[in-house]
Amino acid sequence: MANIKSQIKRNLQNEKRRVRNKGVRSEMRSAANAATTAIEEGADDIAAKLDEAYRRIDKAMHKGVIHRNEASRRKSRLKSRENNAS
């Protein structure tokens, strides 16, 4: 446990951010997994699932949860899966 007042405050801020980021990251991963499953099963709503996944990835990037290069990589990998599946 920190003894310095500024570090105690910093720890509280970090915990708040961690909890907030966890939800955003979870939504992003869930949407990506749903899109991947739709692609693998050849579902009818692949485009809708991909759009939702892209939206969640972009939202996580804008909120600072993930780096912009990671967002780009995730979207690229999803698109590659779609292209290779068809």
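Numbering of residues starts from 1 in every chain and runs along the sequence as written. Local features in a predicted model are, by the rule used here, given only for residues with pLDDT of at least 70; side-chain atom pairs are given and counted only at 80 or more, and totals for whole chains, interfaces and linings are based on all residues. No hydrogens and no water enter the side-chain calculation; it runs on all heavy atoms of the structure.

### Some points on the pattern of salt bridges
Each salt bridge in this description consists of a side-chain nitrogen of Lys or Arg and a carboxyl oxygen of Asp or Glu lying within 4 Å of one another. As enumerated under the stated definition, the model contains eight salt bridges in all. When the shortest N-O distance is used, the salt bridge between Lys75 and Asp58 registers 2.8 Å. One end of the pair, Lys75, is in helix 3 (residues 68-85); the other, Asp58, is in helix 2 (residues 46-62), with 17 residues separating them in the sequence. By relative accessible area, Lys75 is classed as partly exposed at 26%. We classify Asp58 as partly exposed; its relative accessible area is 24%. Where salt bridges share partners, they join Glu27, Glu52, Arg55 and Arg56 into one cluster. Helix and strand assignments follow DSSP, with helices taken as H or I runs no shorter than four residues and strands as E runs no shorter than two, numbered in order from the N terminus. Summary of the burial criterion: residues with accessible area below 20% of their type's maximum are buried, those above 50% are exposed, and those between are partly exposed, where the area comes from a 1.4 Å probe applied to protein chains only.

### Quick word on the nonpolar core
Remark: nonpolar core denotes a set of buried residues (Ala, Val, Leu, Ile, Met, Phe, Trp, Tyr, Cys) joined through side-chain atoms within 4.5 Å. Membership of the largest hydrophobic core comes to 16 residues, with the highest contact counts inside it found for Leu50, Ile57, Ala60, Ile66 and Leu78. Breaking this core down by element, the ones donating at least two residues are helix 1 (5-41), helix 2 and helix 3. Any pair of residues with heavy atoms lying within 4.5 Å of one another is described as a contacting pair. With residues up to four places along the chain from it excluded, the contact list for Ile57 reads Met28, Ile66, Ala71, Arg74, Lys75 and Leu78.

### Structural notes on the layout of surface pockets
A water-sized probe, rolled over the atoms, reveals where empty space remains. Only protein atoms enter the 1 Å grid used here. Points where a 1.4 Å probe fits but cannot escape make up a cavity, open sets with protein on both sides within 12 Å along at least five of seven lines make up a pocket, and a residue lines them when an atom lies within 4 Å of a point. Grid points are joined across faces, edges and corners, and a volume is the space filled by probe spheres set on the points. Within this model, the largest pocket holds a volume of roughly 200 Å³. If you go around the largest pocket, the residues you meet are Arg29, Ala32, Asn33, Thr36, Ile57, Glu70, Arg73, Arg74, Arg77, Leu78 and Arg81. Every element with two or more residues in the lining of the largest pocket is listed here: helix 1 and helix 3. Looking at the lining of the largest pocket, the element that brings in the most residues is helix 3, giving six residues. Following the grouping adopted for this structure description, the nonpolar residues are Ala, Val, Leu, Ile, Met, Phe, Trp, Tyr, Cys and Pro, the charged ones are Asp, Glu, Lys and Arg, and the polar ones are all others, Gly among them. Broken down by class, the residue content of the lining of the largest pocket amounts to three nonpolar, two polar and six charged.

### Brief notes about a positive patch on the surface
Taken together, Arg10, Lys16, Arg17, Arg20, Lys59 and Lys63 make up a surface patch of like positive charges. The element contributing the most residues to the positive patch is helix 1, with four residues. By relative accessible area, Arg10 is classed as partly exposed at 42%. Residues qualify for a patch when their relative accessible area is over 30% and they have no salt bridge, like charges being joined within 9 Å and the nonpolar side chains of Val, Leu, Ile, Met, Phe, Trp and Tyr within 5 Å. Only the protein chains shown count as cover for residues, with accessible areas throughout obtained via the Shrake-Rupley method and a probe of 1.4 Å. We score Asp and Glu as negative and Lys and Arg as positive, and we do not count His or the chain ends. Charge positions come from single atoms, namely NZ of Lys, CZ of Arg, CG of Asp or CD of Glu.

### Quick look at helix 2
For helix 2, spanning 17 residues, the distance from its first C-alpha to its last is 24 Å, which sits close to the expected 24 Å at 1.5 Å a residue. Looking only at helix 2, the buried set comprises Ile46, Leu50, Ala53, Arg56, Ile57 and Ala60. Looking down the long axis of helix 2, one finds its buried residues gathered within 125° of arc, a one-sided arrangement. Structural note: helix 2 exposes Ala47 and His62 on the side pointing more than 90 degrees away from its buried face. Close packing links the buried residues of helix 2 with helix 1 and helix 3. Looking one or two residues past helix 2, Gly64 carries a phi angle of roughly 85°, positive in sign. To estimate how far a helix should reach, multiply one less than its number of residues by 1.5 Å. Picture the helix axis, draw a direction to every C-beta atom, and the arc is the one those directions span.

Purely spatial values, then, with no claim about function.
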